[in-house]
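Chain by chain, the residues:
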Amino acid sequence: METDERPGTVLTDDESWKVLQRNQHGRLAVSVLGEPDIYPLNFIADQGRLLVRTNPGTKLAELTVNERVAFEVEEISEGEAWSVVLKGTARVIESQTEIDEADKLPLKPWIPTRKYTYVEIRPTRVHGRHFELGDEPERY
């Protein structure tokens, strides 16, 4: 069977991290008791990990119940797009030394709120793809 589908080019780990590093908004996927949730949030890729800031609430409660998470970022420009998915474990940063280091990073809340809780996501797997965008091919 012939197909016109072009699933994109697989990115190397380095290329995937470059996409993560040049973006600041993505989606965090969590699952508790078999019920998935997904949250848009801002982040920073730093030293082989992702950092996010949040407040107590559903998202924080869910990722403390099940530390296994997925994170996705998309980047779209004229004629091309990138998608990177990171799977890993999340933990609340509680050490004052780590909090002080995180405070030095340019990670600010997305909306005008105060968010004092840092969450670190350590990857177990990162994979990405690059796509050339275009119109659907015509049928013969």
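For the structure itself, consult the block above.
Definitions and limits used
Residues numbered from 1 in each chain as written. Predicted model: local features only at pLDDT ≥ 70, side-chain atom pairs only at ≥ 80, totals over all residues. Heavy atoms only, no water. Helix = DSSP H or I, 4+ residues; strand = E, 2+ residues; numbered from the N terminus. Contact = heavy atoms within 4.5 Å. Areas by Shrake-Rupley, 256 points an atom, 1.4 Å probe, with all protein chains shown as cover. Lys, Arg positive; Asp, Glu negative; His and termini not counted. Charge placed at Lys NZ, Arg CZ, Asp CG, Glu CD. Salt bridge = Lys/Arg side-chain N within 4 Å of Asp/Glu carboxyl O. Buried < 20%, exposed > 50% of the residue type's maximum accessible area, 1.4 Å probe, protein only. Pairing = 2+ DSSP bridges.

Colleague: How should I be thinking about the overall build of the protein in this particular structure?
Modeller: When its secondary structure is counted, the protein shows three helices and eight strands. Beginning at the N terminus, the succession of helices and strands in the protein can be written as β-α-β-β-β-β-α-β-β-α-β. With the C-alpha coordinates aligned to their principal axes, the bounding extent of the protein is approximately 65 × 35 × 30 Å. Contacts in the protein between residues far apart in sequence, at least 24 positions, make up 72% of those at least 6 positions apart. Looking at the protein as shown, the accessible area adds up to about 9,600 Å², and 49% of this sits on carbon and sulfur atoms. Here the protein carries 18 positive and 26 negative side-chain charges, and the mean point of each set is 6 Å from the other.

Colleague: What exactly am I supposed to notice about the pattern of salt bridges here?
Modeller: The tally for this structure, following the rule as stated, stands at nine salt bridges. Between Glu72 and Arg27 there is a salt bridge whose closest N-O contact spans 2.8 Å. Placement of Glu72 in strand E6 (residues 68-77) and of Arg27 in strand E2 (residues 25-32) is noted, with a sequence separation of 45 residues between them. Note on Glu72: relative accessible area 16%, which makes it buried. Classification of Arg27 by relative accessible area gives partly exposed; the value is 35%. Between Arg49 and Glu120 there is a salt bridge, and its shortest N-O distance comes to 3.0 Å.

Colleague: What is the right way to look at the environment of Gln21 in this model?
Modeller: Take Gln21: it is sitting in helix H1 (residues 13-21). Put simply, Gln21 and Ala45 are 24 residues apart on the chain and 5.2 Å apart in space, counted from C-alpha to C-alpha.

Colleague: What am I meant to see in the pairing of strand E5 (residues 49-54) here?
Modeller: Within a regular strand, side chains alternate between the sheet's two faces. Counting buried positions along E5 gives six out of six residues, so the element sits mostly inside the fold. Pairing geometry for strand E4 (residues 44-46) and E5, over three bridges, is antiparallel. Residue pairing in the sheet places Asp46 in a bridge with Arg49 of E5. Counting the residues that bridge the hairpin from E4 to E5 gives two residues, and of these Gln47 lies at a positive phi of roughly 55 degrees. Pairing of E5 with strand E8 (residues 117-132) involves five bridges; the strand directions are antiparallel. The residue bridging Thr54 from the neighbouring strand is Thr117, located in E8.

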